[in-house]
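Overview (structure and organization)
In case you want the letters, here they are:
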Amino acid sequence: MRYAALLRGVNVGGGNKVPMAELRALATGLGWTEVQSYIASGNLVFTSEGDDLAATLAKALRDGMGVDVPVQVWSRDQITATLDDCPFPKDTGKTVHGFFCDDDPSIDAQALDGLIAPSEQIEVRGRVVWMFAPDGFGRSKLAAKVDKVITGCSFTARNLNTIHKLAEMLDG
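I will try to describe carefully the structure that is included in this document. On a predicted model such as this, the values are computed, not experimentally measured, just so you know.

**Focus on the nonpolar core**
Leu7, Leu23, Trp32, Leu44, Phe46, Leu57 and Leu61 are the most contacted members of the largest nonpolar core, which has 21 residues in total. Among the secondary structure elements, those contributing two or more residues to this core are strand 1 (2-7), helix 1 (20-29), strand 3 (43-47) and helix 2 (53-65). Here the element with the most residues in this core is helix 2; it accounts for five residues. Apart from residues lying up to four places away in sequence, Leu61 is in contact with Leu7, Val18, Leu23, Leu26, Gly66, Val67, Val69 and Val71.

Now the structure itself:
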């Protein structure tokens, strides 16, 4: 079965360095096949028949590279369904981000009200919180403090362009 692994917080701000060639080699060493990475922010596509893939990769990263980061693994069907369920226009690229949650997320309404700009929107769809920031994700107060708004889970974000690319890779 085809999967996408989403690593949180690698290769940002000088910490948790994970060279993608080493990540691919690590995954291949786990017996995973058709291993591909996409950009240096911790996206891995692979085929495996194993179980507990996120825990397996997280342990391999700790043991093999000394990097301890949250890892989520989503199947091809889950990524496709997530894209289909996106409540915002599919061609909005970097202005829409999906926050992939490891459990059901909660939204702190008070924190949201204090951070969200009039042009921004946020919507929960299953284990993905979608955020539309048409004025730019990097300029958004909400994006900068989204960890105060999304509660009850750990999460990692990908923009819509990246999610589309991962879906293409999973289909390829």
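So that's the structure; there's more coming.
**Points about the layout of surface pockets**
In this structure, the largest pocket occupies an estimated 450 Å³ of space. Taken together, 20 residues form the lining of the largest pocket, with Arg8, Gly9, Thr156, Ala157 and Arg158 sitting closest to its centre. For the lining of the largest pocket, the secondary structure elements donating two or more residues are strand 5 (96-101), helix 5 (141-144) and strand 10 (155-159). With five residues, the single largest contributor to the lining of the largest pocket is strand 10. Here the residues of the lining of the largest pocket are counted per class, giving 11 nonpolar, six polar and three charged.

**Observations regarding the pattern of salt bridges**
In the structure shown here, the tally under the stated rule is seven salt bridges. Of the charged contacts in the structure, one is a salt bridge between Arg125 and Asp85, with a shortest N-O distance of 3.0 Å. Of this pair, Arg125 sits in strand 7 (residues 121-125) while Asp85 is found in the loop between helix 3 (76-84) and strand 5, placing the two residues 40 residues apart along the sequence. The closest approach of N and O atoms between Arg125 and Glu123, which form a salt bridge, is 2.6 Å. Judged by its relative accessible area of 29%, Glu123 is partly exposed. Salt bridges here are not isolated pairs; linked through shared partners, they connect Arg76, Asp77 and Asp171.

**A word on the packing of helix 1 against helix 2**
Closest axis-to-axis distance for the helix 1/helix 2 pair is 11 Å, and the angle between their directions is 120°. Judged by the twist between their axes, the crossing of helix 1 over helix 2 is right-handed. Along the contact surface, helix 1 presents Glu22, Leu23 and Leu26, while helix 2 presents Leu57, Ala60, Leu61 and Met65. Classifying every residue of the contact of helix 1 with helix 2 gives six nonpolar, no polar and one charged.

**Quick word on the pairing of strand 1**
Most of strand 1 sits out of view: six of its six residues are buried. Residue alternation in strand 1 divides its side chains into two sets, Arg2, Ala4 and Leu6 and Tyr3, Ala5 and Leu7, and both sets are buried. Pairing of strand 1 with strand 3, which is carried by five bridges, proceeds in the antiparallel orientation. Within the sheet, the bridge partner assigned to Tyr3 lies in strand 3 and is Phe46. Taken together, the five bridges between strand 1 and strand 4 (residues 71-75) define a ladder with antiparallel strand orientation. Its bridge partner being in strand 4, Leu6 is matched across the sheet by Gln72.

Parameters and conventions
Within every chain, residues take consecutive numbers counted from 1 along the sequence as written. Confidence filtering applies because this is a predicted model: local features only for residues at pLDDT of at least 70, side-chain atom pairs given and counted only at 80 or more, and all residues used for totals across whole chains, interfaces and linings. Hydrogen atoms and water are omitted, and side-chain values are computed over all heavy atoms in the structure. Only buried Ala, Val, Leu, Ile, Met, Phe, Trp, Tyr and Cys residues count toward a nonpolar core, and they belong to the same one when joined by side-chain atoms within 4.5 Å. To sort residues, take the accessible area from a 1.4 Å probe on protein chains only and compare it with the maximum for the residue type: under 20% means buried, over 50% means exposed, and anything in between is partly exposed. Note on conventions: DSSP H or I runs of at least 4 residues are helices, E runs of at least 2 residues are strands, and numbering of each starts at the N terminus. Throughout, a contact is declared for two residues whenever any of their heavy atoms are within 4.5 Å. Here a cavity is any set of points on a 1 Å grid over the protein atoms alone where a 1.4 Å probe fits but cannot get out, and a pocket is any open set with protein on both sides within 12 Å along at least 5 of 7 lines; a residue lines the site when it has an atom within 4 Å of a point. Grid points are joined across faces, edges and corners, and a volume is the space filled by probe spheres set on the points. Each residue is assigned to one of three groups, with Ala, Val, Leu, Ile, Met, Phe, Trp, Tyr, Cys and Pro labelled nonpolar, Asp, Glu, Lys and Arg labelled charged, and all others, Gly among them, labelled polar. We define a salt bridge as a contact between a side-chain nitrogen of Lys or Arg and a carboxyl oxygen of Asp or Glu at a distance within 4 Å. Think of each axis as a best-fit line through the C-alpha atoms, taken over the contacting stretch in the case of a helix, with angles from 0 to 180 degrees between the N-to-C directions. Handedness of a crossing follows from how the near helix is turned relative to the far one, being left-handed for an anticlockwise turn of less than a right angle and right-handed for a clockwise one. Paired strands, in this sense, are two strands between which DSSP finds at least two bridges.

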